[in-house]
Amino acid sequence: MDYVDCHCHVSAPEFKEDLEEVIQRARDVGVKTLVAVTEEVGEFDRVLQLQDRYPDLVAPCFGIHPLQAGGGSEQRSVKLQDLDAALPMFYKHRERLVAIGEIGLDFTPWCAPTEQDRDDQMNVFIKQLDIAKELQLPVNVHSRSAAKVTIETMREQGISRALLHNFAGKPSVALEGVKAGYCFSFPPAVCRNRQRDKLIKQIPLEHICLETDSPALGLDKHVRNEPRNIVLSCQHIADVKGLSPQTVQLVTTQNAYRLFPSANAHIREVV
(Lines give C-alpha, C1' and ligand atoms only; values in the text may rest on other atoms or scores of the structure.)
Protein backbone atom coordinates (compact mmCIF):
# COMPACT_ATOMS: atom_id res chain seq x y z
CA MET A 1 0.00 0.00 0.00
CA ASP A 2 1.45 3.32 -1.10
CA TYR A 3 0.89 6.97 -0.24
CA VAL A 4 1.21 9.92 -2.62
CA ASP A 5 1.88 13.32 -1.04
CA CYS A 6 0.20 15.44 -3.70
CA HIS A 7 1.45 18.81 -2.46
CA CYS A 8 4.66 19.39 -0.53
CA HIS A 9 7.57 21.82 -0.52
CA VAL A 10 10.62 19.56 -0.20
CA SER A 11 12.79 22.21 -1.87
CA ALA A 12 12.09 24.57 1.08
CA PRO A 13 15.09 25.74 3.14
CA GLU A 14 13.52 24.17 6.26
CA PHE A 15 14.59 20.76 4.90
CA LYS A 16 18.16 21.64 3.93
CA GLU A 17 19.85 20.31 7.06
CA ASP A 18 18.26 16.85 7.32
CA LEU A 19 16.55 16.09 4.01
CA GLU A 20 18.01 12.58 3.82
CA GLU A 21 16.40 11.67 7.16
CA VAL A 22 13.10 13.33 6.17
CA ILE A 23 13.03 11.29 2.94
CA GLN A 24 13.84 8.06 4.79
CA ARG A 25 11.06 8.64 7.32
CA ALA A 26 8.64 9.23 4.44
CA ARG A 27 9.71 6.00 2.73
CA ASP A 28 9.39 4.12 6.03
CA VAL A 29 5.65 4.88 6.26
CA GLY A 30 5.05 3.98 2.61
CA VAL A 31 5.26 7.30 0.74
CA LYS A 32 6.02 6.43 -2.88
CA THR A 33 5.69 9.82 -4.58
CA LEU A 34 6.27 13.40 -3.47
CA VAL A 35 4.58 15.87 -5.80
CA ALA A 36 7.00 18.72 -5.16
CA VAL A 37 5.56 22.17 -5.83
CA THR A 38 7.45 25.45 -6.14
CA GLU A 39 6.44 29.03 -5.39
CA GLU A 40 9.00 31.15 -7.23
CA VAL A 41 11.54 30.73 -10.01
CA GLY A 42 14.47 30.51 -7.59
CA GLU A 43 13.20 27.08 -6.49
CA PHE A 44 12.97 25.53 -9.95
CA ASP A 45 16.58 24.30 -10.19
CA ARG A 46 16.46 23.00 -6.62
CA VAL A 47 13.41 20.82 -7.27
CA LEU A 48 15.04 19.37 -10.40
CA GLN A 49 18.18 18.60 -8.37
CA LEU A 50 15.98 16.75 -5.88
CA GLN A 51 14.45 14.73 -8.69
CA ASP A 52 17.97 13.83 -9.88
CA ARG A 53 18.84 12.75 -6.33
CA TYR A 54 15.58 10.84 -5.67
CA PRO A 55 14.30 9.90 -9.14
CA ASP A 56 11.94 7.22 -7.82
CA LEU A 57 10.29 9.63 -5.38
CA VAL A 58 10.31 13.33 -6.36
CA ALA A 59 7.83 14.46 -9.03
CA PRO A 60 8.52 18.15 -9.86
CA CYS A 61 6.06 20.97 -10.48
CA PHE A 62 6.94 24.51 -11.57
CA GLY A 63 4.71 27.39 -10.55
CA ILE A 64 4.63 31.00 -9.43
CA HIS A 65 2.57 31.40 -6.26
CA PRO A 66 -0.02 34.21 -5.96
CA LEU A 67 1.97 35.66 -3.04
CA GLN A 68 5.64 36.57 -3.39
CA ALA A 69 8.24 37.81 -0.93
CA GLY A 70 8.06 41.53 -0.30
CA GLY A 71 10.34 43.50 2.00
CA GLY A 72 11.46 41.60 5.12
CA SER A 73 8.84 39.07 6.17
CA GLU A 74 6.11 40.81 4.16
CA GLN A 75 4.30 39.12 1.31
CA ARG A 76 2.88 40.90 -1.72
CA SER A 77 0.63 39.91 -4.57
CA VAL A 78 2.36 38.44 -7.59
CA LYS A 79 2.83 40.58 -10.72
CA LEU A 80 3.18 39.56 -14.35
CA GLN A 81 6.88 40.45 -14.32
CA ASP A 82 7.41 37.77 -11.65
CA LEU A 83 6.61 35.29 -14.43
CA ASP A 84 9.21 36.61 -16.87
CA ALA A 85 12.15 34.49 -15.71
CA ALA A 86 9.92 31.43 -15.23
CA LEU A 87 8.38 31.28 -18.71
CA PRO A 88 11.37 29.79 -20.57
CA MET A 89 11.89 27.29 -17.75
CA PHE A 90 8.40 25.81 -18.13
CA TYR A 91 9.17 24.99 -21.75
CA LYS A 92 12.80 23.95 -21.31
CA HIS A 93 11.92 21.35 -18.65
CA ARG A 94 8.43 20.40 -19.80
CA GLU A 95 9.32 16.69 -20.07
CA ARG A 96 10.28 16.57 -16.39
CA LEU A 97 7.20 18.28 -14.96
CA VAL A 98 4.16 16.45 -13.61
CA ALA A 99 2.07 19.62 -13.09
CA ILE A 100 2.08 23.40 -13.06
CA GLY A 101 2.00 24.52 -9.44
CA GLU A 102 1.75 26.00 -6.96
CA ILE A 103 -0.41 28.55 -8.72
CA GLY A 104 -3.74 30.17 -7.90
CA LEU A 105 -5.36 33.05 -6.06
CA ASP A 106 -5.03 34.38 -2.52
CA PHE A 107 -7.50 37.13 -1.76
CA THR A 108 -6.79 37.27 1.99
CA PRO A 109 -7.45 40.97 2.72
CA TRP A 110 -4.03 41.82 4.14
CA CYS A 111 -2.25 40.01 1.27
CA ALA A 112 -4.34 41.44 -1.57
CA PRO A 113 -5.89 44.66 -0.23
CA THR A 114 -6.52 46.37 -3.57
CA GLU A 115 -8.38 45.56 -6.75
CA GLN A 116 -5.06 45.95 -8.60
CA ASP A 117 -3.52 43.21 -6.43
CA ARG A 118 -6.39 40.86 -7.24
CA ASP A 119 -6.23 41.72 -10.95
CA ASP A 120 -2.48 41.06 -11.00
CA GLN A 121 -2.98 37.68 -9.34
CA MET A 122 -5.71 36.78 -11.80
CA ASN A 123 -3.53 37.70 -14.80
CA VAL A 124 -0.67 35.54 -13.55
CA PHE A 125 -3.05 32.68 -12.74
CA ILE A 126 -4.66 32.71 -16.19
CA LYS A 127 -1.26 32.88 -17.90
CA GLN A 128 -0.11 29.79 -16.01
CA LEU A 129 -3.39 27.99 -16.75
CA ASP A 130 -2.69 28.67 -20.43
CA ILE A 131 0.79 27.17 -20.07
CA ALA A 132 -0.68 24.08 -18.37
CA LYS A 133 -3.13 23.62 -21.25
CA GLU A 134 -0.39 24.10 -23.84
CA LEU A 135 1.89 21.58 -22.11
CA GLN A 136 -1.05 19.25 -21.38
CA LEU A 137 -0.31 19.24 -17.66
CA PRO A 138 -2.62 19.33 -14.63
CA VAL A 139 -2.51 22.23 -12.16
CA ASN A 140 -1.76 22.22 -8.42
CA VAL A 141 -3.75 25.10 -7.00
CA HIS A 142 -3.91 27.50 -4.02
CA SER A 143 -7.30 29.15 -3.38
CA ARG A 144 -7.22 30.89 0.01
CA SER A 145 -10.14 33.31 0.49
CA ALA A 146 -10.86 32.78 -3.21
CA ALA A 147 -12.40 29.31 -3.50
CA LYS A 148 -15.37 30.19 -5.69
CA VAL A 149 -13.53 32.49 -8.10
CA THR A 150 -10.64 30.02 -8.44
CA ILE A 151 -12.94 27.18 -9.48
CA GLU A 152 -14.99 29.46 -11.76
CA THR A 153 -11.83 30.73 -13.46
CA MET A 154 -10.51 27.23 -14.10
CA ARG A 155 -13.83 26.12 -15.53
CA GLU A 156 -14.01 29.20 -17.78
CA GLN A 157 -10.44 28.53 -18.98
CA GLY A 158 -11.25 24.93 -19.87
CA ILE A 159 -9.13 23.27 -17.20
CA SER A 160 -10.10 19.62 -16.74
CA ARG A 161 -7.40 18.35 -14.34
CA ALA A 162 -6.77 20.26 -11.12
CA LEU A 163 -5.91 19.69 -7.49
CA LEU A 164 -7.24 22.29 -5.05
CA HIS A 165 -4.85 21.93 -2.15
CA ASN A 166 -5.77 22.64 1.48
CA PHE A 167 -9.22 23.56 0.25
CA ALA A 168 -11.29 25.57 2.73
CA GLY A 169 -14.24 26.80 0.66
CA LYS A 170 -17.90 25.96 1.19
CA PRO A 171 -19.10 22.42 0.40
CA SER A 172 -21.41 23.82 -2.30
CA VAL A 173 -18.39 25.45 -4.01
CA ALA A 174 -16.37 22.23 -3.71
CA LEU A 175 -19.18 20.30 -5.37
CA GLU A 176 -18.95 22.66 -8.37
CA GLY A 177 -15.31 21.61 -8.59
CA VAL A 178 -16.29 17.94 -8.29
CA LYS A 179 -18.67 18.43 -11.25
CA ALA A 180 -15.74 19.82 -13.24
CA GLY A 181 -13.68 16.72 -12.37
CA TYR A 182 -11.31 18.42 -9.90
CA CYS A 183 -9.68 16.84 -6.85
CA PHE A 184 -9.23 18.28 -3.35
CA SER A 185 -6.48 17.55 -0.84
CA PHE A 186 -6.19 18.06 2.89
CA PRO A 187 -3.04 18.35 5.06
CA PRO A 188 -2.53 17.12 8.65
CA ALA A 189 -3.65 20.55 9.93
CA VAL A 190 -7.26 19.43 9.37
CA CYS A 191 -6.82 17.18 12.43
CA ARG A 192 -6.39 20.26 14.69
CA ASN A 193 -10.11 21.06 14.66
CA ARG A 194 -13.31 19.75 13.11
CA GLN A 195 -14.05 22.80 10.93
CA ARG A 196 -13.58 20.99 7.63
CA ASP A 197 -15.22 17.70 8.54
CA LYS A 198 -18.48 18.65 6.81
CA LEU A 199 -16.54 19.54 3.66
CA ILE A 200 -14.54 16.29 3.72
CA LYS A 201 -17.72 14.31 4.32
CA GLN A 202 -19.47 15.81 1.27
CA ILE A 203 -16.64 15.49 -1.26
CA PRO A 204 -16.70 11.98 -2.79
CA LEU A 205 -13.60 9.94 -1.93
CA GLU A 206 -12.94 9.58 -5.69
CA HIS A 207 -12.17 13.32 -5.70
CA ILE A 208 -9.91 13.42 -2.61
CA CYS A 209 -6.11 13.25 -2.48
CA LEU A 210 -3.67 13.36 0.42
CA GLU A 211 -1.10 16.08 1.02
CA THR A 212 1.11 17.43 3.78
CA ASP A 213 2.04 20.91 2.44
CA SER A 214 5.31 20.29 4.32
CA PRO A 215 6.95 22.13 5.98
CA ALA A 216 3.71 24.01 6.81
CA LEU A 217 0.24 22.88 7.95
CA GLY A 218 1.22 20.10 10.33
CA LEU A 219 -0.55 18.85 13.42
CA ASP A 220 1.17 21.51 15.53
CA LYS A 221 1.56 24.87 13.80
CA HIS A 222 4.81 25.52 15.70
CA VAL A 223 6.48 22.28 14.58
CA ARG A 224 7.88 21.65 11.10
CA ASN A 225 5.62 19.33 9.13
CA GLU A 226 7.09 16.58 6.93
CA PRO A 227 5.83 14.06 4.36
CA ARG A 228 5.64 11.09 6.76
CA ASN A 229 2.68 12.88 8.41
CA ILE A 230 0.57 11.96 5.37
CA VAL A 231 -0.66 9.09 7.57
CA LEU A 232 -2.42 11.65 9.80
CA SER A 233 -4.38 13.10 6.88
CA CYS A 234 -5.32 9.61 5.77
CA GLN A 235 -6.52 8.58 9.22
CA HIS A 236 -8.54 11.78 9.71
CA ILE A 237 -10.33 11.46 6.36
CA ALA A 238 -11.05 7.80 7.15
CA ASP A 239 -12.51 8.74 10.54
CA VAL A 240 -14.70 11.50 9.09
CA LYS A 241 -16.01 9.29 6.29
CA GLY A 242 -16.40 6.15 8.42
CA LEU A 243 -13.99 4.20 6.21
CA SER A 244 -10.88 2.17 6.88
CA PRO A 245 -7.53 4.00 6.47
CA GLN A 246 -6.57 1.28 3.95
CA THR A 247 -9.53 2.21 1.73
CA VAL A 248 -8.65 5.91 1.90
CA GLN A 249 -4.99 5.15 1.18
CA LEU A 250 -5.82 2.97 -1.83
CA VAL A 251 -8.42 5.28 -3.41
CA THR A 252 -6.46 8.51 -2.85
CA THR A 253 -3.37 6.94 -4.41
CA GLN A 254 -5.39 5.89 -7.45
CA ASN A 255 -6.82 9.42 -7.63
CA ALA A 256 -3.35 10.96 -7.42
CA TYR A 257 -1.92 8.89 -10.25
CA ARG A 258 -5.01 9.53 -12.37
CA LEU A 259 -4.54 13.27 -11.81
CA PHE A 260 -0.73 13.24 -12.18
CA PRO A 261 -0.18 10.34 -14.61
CA SER A 262 3.39 11.30 -15.46
CA ALA A 263 4.33 11.00 -11.77
CA ASN A 264 3.33 7.35 -11.90
CA ALA A 265 4.78 6.75 -15.37
CA HIS A 266 8.08 8.34 -14.40
CA ILE A 267 8.41 6.26 -11.26
CA ARG A 268 7.52 3.03 -13.08
CA GLU A 269 10.21 3.87 -15.60
CA VAL A 270 12.84 4.38 -12.89
CA VAL A 271 11.92 1.20 -11.03
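Attention here is on the structure that accompanies the text. (Residues numbered from 1 in each chain as written. Predicted model: local features only at pLDDT ≥ 70, side-chain atom pairs only at ≥ 80, totals over all residues. Heavy atoms only, no water.)

What follows concerns helix 9 (residues 245–259). Over its 15 residues, helix 9 extends 21 Å from the first C-alpha to the last, a length consistent with the 21 Å expected when each residue adds 1.5 Å. Turning to helix 9, its buried residues are Val 248, Gln 249, Val 251, Thr 252, Thr 253, Asn 255, Ala 256, Tyr 257 and Leu 259. (Helix = DSSP H or I, 4+ residues; strand = E, 2+ residues; numbered from the N terminus. Expected span 1.5 Å × (residues − 1). Buried < 20%, exposed > 50% of the residue type's maximum accessible area, 1.4 Å probe, protein only.)

Looking now at the pattern of salt bridges. Under the definition given, this model contains 17 salt bridges. The partner of Glu 226 in a salt bridge is Arg 25, with the nearest N and O atoms 2.7 Å apart. You can see Glu 226 sitting in the loop between strand 10 (208–210) and helix 8 (230–241) and its partner Arg 25 sitting in helix 1 (residues 19–29), a full 201 residues away along the chain. Taking relative accessible area as the criterion, Glu 226 reaches 5% and is therefore assigned buried. Overlapping salt bridges, with partners in common, bring together Asp 18, Arg 25, Arg 224, Glu 226 and Arg 228 in one network. (Salt bridge = Lys/Arg side-chain N within 4 Å of Asp/Glu carboxyl O.)

What the eight strands build is an open sheet, ordered 1-2-3-6-7-8-9-10; its pairing is parallel. Edge positions in the sheet fall to strand 1 (3–8) and strand 10, since each of these pairs with one other strand and no more. This sheet shows a mean twist of 30° between the axes of neighbouring strands, independent of strand direction. The pairing of strand 1 with strand 2 (residues 31–36) spans four bridges and is classified as parallel. Paired with Cys 8 across the strands is Ala 36, a residue of strand 2. Lying over the sheet, helix 9 contacts strand 1, strand 2, strand 8 (162–165), strand 9 (183–186) and strand 10, oriented at roughly 95° with respect to strand 10. (Pairing = 2+ DSSP bridges. Axes fitted to C-alpha atoms, helices over the stretch in contact; angles between N-to-C directions. Contact = heavy atoms within 4.5 Å.)

Now for the packing of aromatic side chains. Per the stated rule, a full pass over the model turns up four aromatic pairs. Ring pairing ties together the aromatic residues Phe 44, Phe 62 and Phe 90, which thus form one cluster. (Phe/Tyr/Trp six-rings, centres within 6.5 Å; stacked < 30°, edge-to-face > 60°.)

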